[in-house]
Amino acid sequence: MSTQSGSGELVRALDWRGAFWVAAGVPPLVLFSIGGIAGTTGKLAFLVWIISMIMGFLQSFTYAEIAGMFGNKSGGASVYGATAWLRYSKLIAPLSVWCNWFAWSPVLSLGCAIAAGYILNALFPIPAADSQAVLAWVAAHADALKPDDPRVVEWLAANAGKTAQDAIATLLPGDGVAALTPALRAWEAFSLKIPGLGALHFNSTFVIGAILMLIMFAIQHRGIASTANAQKVLAIVVLVPLLLVGLVPILTGAIDGANVTGLVPPTAGYSGVDGTWSLGGWTLFLGGLYIAAWSTYGFETAVCYTRELKNPKTDTFKAIFYSGLLCSVFFFLVPFAFQGVLGQAGMLAPGIVDGTGIAEALGNMVGGNKVITQIFVILMILALFLAIMTAMAGSSRTLYQGSKDGWLPRYLSHVNPHGAPTRAMWTDFCFNLFLLALASDLAGYFYVLAISNVGYIIFNFLNLNSGWIHRMDSGHVERPWKAPTWLIGLNTILAFVNALFLGAGAKVWGYSSALWVGLIFAALILPVFWYRHYLQDGGKFPKEALDDLGIVGEGLGERKAGLLPYLTLIAGAAVVLWANWFFQLPA
């Protein structure tokens, strides 16, 4: 490990504050799915965020302990936890790393898709049906529709009791909006359907999103210290206004108590109608906890940079602990204030669900005028940049360390003269171009989110259990910070709670196949690992992969945990399958 650029290795250029600022892109993740969770869980939405954040904070203590064991590794908790499983199966270790990567990496494409939507709305807005421009168009084309027009006849057939004038008055504004919508908003070079997955849309959202990803790549090309400095500036600019959004409605009494009481699930997803705690209601609630985990657990990325910390023994715990405290403030306050002010109806607005109307809502929550709203639009784009930077930094280092440890292809271990893992970053970029094309419409957006979270829950299950496996098999390895034993035990229980979320929750997001597609994608690591381990490395791991555990030679060490890890895997799979069978969406 070098402290100098140009060494061909990652550079020790951070203290815990730098890692904290890089992880400061996690709080804005609340904005990625705040509307979707409100739609599926109704009045329970803010409670879902609080429960999920508490779970994420508790779980982070296991990750803090195991991260301290590996001062010479980068890549985050998945890498540190994967080594615990290595003695029991060569396949489980790379599965953990792979699942963590394909869970985090889509932040790039999803964030760029939302940011592209904001940019299009700002530069090429779609006029409102009641805007002056549309009303003038309607007046100028009042004779464009006749009572015997086929569209009028069709409308009347679907709206019994209405007149031809009612039909014309309804249809003409829509025609005006279509006529005055900038051509770029409807432009699409082509689309491509992929059976069982969805459609790829190569449209204006895709082009703008790809440009934004290249900008993020250029910033990170100069190494982790440069990234941390950029993140610090962005975080201060973004998080202070976001904190005000959470505090101002509470301090000014703008919270409507009716919006945050009477906590029951809705009758169905996006119904906006209070239901009961039926089996379907519980399924929606668990579905909310399932997707919230993708955001609230994310601050564990603070330990992705252990190998780039100047003093990993003390800085690792500080980085994840203070990142967790920061996230707790935002994931508690922002969803509560959002729901308290907007209510179910307001949070089901299309712009809230797809993310492009959140900035306007944030501006209104602090009593803003049009100028304040435009400022929040800019802040929202910067918040997305903040989250994207965090994701690119963390996910690329997961690929890098997976390559160094012999789990992923060798080419990923390359770094540039600034100590940035550029080949891993390019891999992230190319993968997210594909996802960006898939997420360039609302349906694809939530499908990408639901599938990627399958990987994230698998990673968390494996890593929470790695805490006790490391205690049994590697108790001799120094731990700069050690979690209380009862907390390691509690987090083991939470691993199975996460498995419950996975089985019950993946189906909530409109795709009955989301769980199975996610599992298939997780299984893609098998041929990748087989190629690296058996073809490139002849069935042996690189020496440095096991150095931190004190393992020397070709053996992987004694299996002191016996059959317990295997029984844990069987039990976890059973919970997922049972939950998927038992929990069903409301009829």
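Since this is a predicted model, take the numbers as computed values, not measurements.

A. Structural view of the overall build of the protein. Scanning the protein from terminus to terminus reveals 23 helices and 2 strands. Relative to its length of 587 residues, the protein is compact, with a C-alpha radius of gyration of 25 Å against a globular reference of 25 Å. Projected onto its principal axes, the C-alpha coordinates of the protein cover approximately 85 × 50 × 50 Å. Split by element, the accessible area of the protein, about 22000 Å² in all, is 67% carbon and sulfur.

B. Fine view of the pairing of strand β2 (residues 198-203). The sheet contact formed by strand β1 (residues 188-194) and β2 spans 6 bridges and is antiparallel. Opposite Ile194, over in β2, you have Gly198 as the bridge partner. A loop of 3 residues connects β1 with β2, the two strands running antiparallel in sequence, and Gly196 in this loop sits at a positive phi of about 80°.

C. Local environment of the nonpolar core. Counting residues in hydrophobic clusters, the biggest one holds 171 residues, and the most contacted among them are Phe32, Tyr118, Leu239, Tyr290, Phe338, Ile358 and Trp407. Here the element with the most residues in this core is helix α19 (residues 442-473); it accounts for 17 residues. Each residue touching Trp407, except ones within four places of it in the same chain, is listed here: Val79, Ala82, Thr83, Leu86, Ala93, Pro94, Val97, Gly402, Phe529, Arg532 and Phe541.

D. Layout of the packing of helix α20 (residues 485-505) against helix α23 (residues 564-582). Axis separation between α20 and α23 bottoms out at 7 Å; the angle between their running directions is 35°. Classified by chirality, the crossing of α23 by α20 is right-handed. Across the interface between the two elements, Phe496, Ala499, Leu500, Leu502, Gly503 and Ala504 of α20 pack against Thr568, Ala571, Gly572, Val575, Val576, Trp578, Ala579 and Asn580 of α23. Residue composition of the contact of α20 with α23, grouped by class: 10 nonpolar, 4 polar and no charged.

E. Main features of the side chain of Thr492. With respect to the helices and strands, Thr492 occurs in helix α20. Residue classification places Thr492 among the buried positions, given a relative accessible area of 16%. The residues touching Thr492, leaving out its near neighbours within four places in the chain, are Leu464, Asn465 and Trp468.

F. Representation of helix α22 (residues 525-536) within the structure. Counted at 1.5 Å a residue, the expected span for α22 with its 12 residues is 16 Å, and the 15 Å between its end C-alpha atoms agrees. Among all positions of α22, only Ile525, Phe529, Arg532 and His533 are buried. Taken around the axis of α22, the buried residues stretch over an arc of 80°, which confines them to a single face. Close packing links the buried residues of α22 with α5 (92-104), α17 (370-404) and α21 (514-523). Two residues or fewer past α22, Gly538 is found with a positive phi of approximately 65°.

G. Inspection of α21 at higher detail. All of the buried residues in α21 are Ala514, Leu515, Val517, Gly518 and Ala522. The arc that holds the buried residues of α21, viewed along the axis, is 165°, so those residues lie on one side.

H. Representation of the packing of aromatic side chains. What the rule picks out here adds up to 33 aromatic pairs. Three or more aromatic residues joined by ring pairs make a cluster, and in this case those are Phe57, Phe61, Phe317, Phe321, Tyr322 and Trp481.

The rules behind these values
Residues numbered from 1 in each chain as written. Predicted model: local features only at pLDDT ≥ 70, side-chain atom pairs only at ≥ 80, totals over all residues. Heavy atoms only, no water. Helix = DSSP H or I, 4+ residues; strand = E, 2+ residues; numbered from the N terminus. Rg over C-alpha atoms; globule rule 2.2 N^0.38 Å. Areas by Shrake-Rupley, 256 points an atom, 1.4 Å probe, with all protein chains shown as cover. Pairing = 2+ DSSP bridges. Core = buried A, V, L, I, M, F, W, Y, C linked by side-chain atoms within 4.5 Å. Buried < 20%, exposed > 50% of the residue type's maximum accessible area, 1.4 Å probe, protein only. Contact = heavy atoms within 4.5 Å. Axes fitted to C-alpha atoms, helices over the stretch in contact; angles between N-to-C directions. Left-handed = near helix turned anticlockwise from the far one by under 90°. Nonpolar A, V, L, I, M, F, W, Y, C, P; charged D, E, K, R; others polar. Expected span 1.5 Å × (residues − 1). Arc of directions from axis to C-beta. Phe/Tyr/Trp six-rings, centres within 6.5 Å; stacked < 30°, edge-to-face > 60°.

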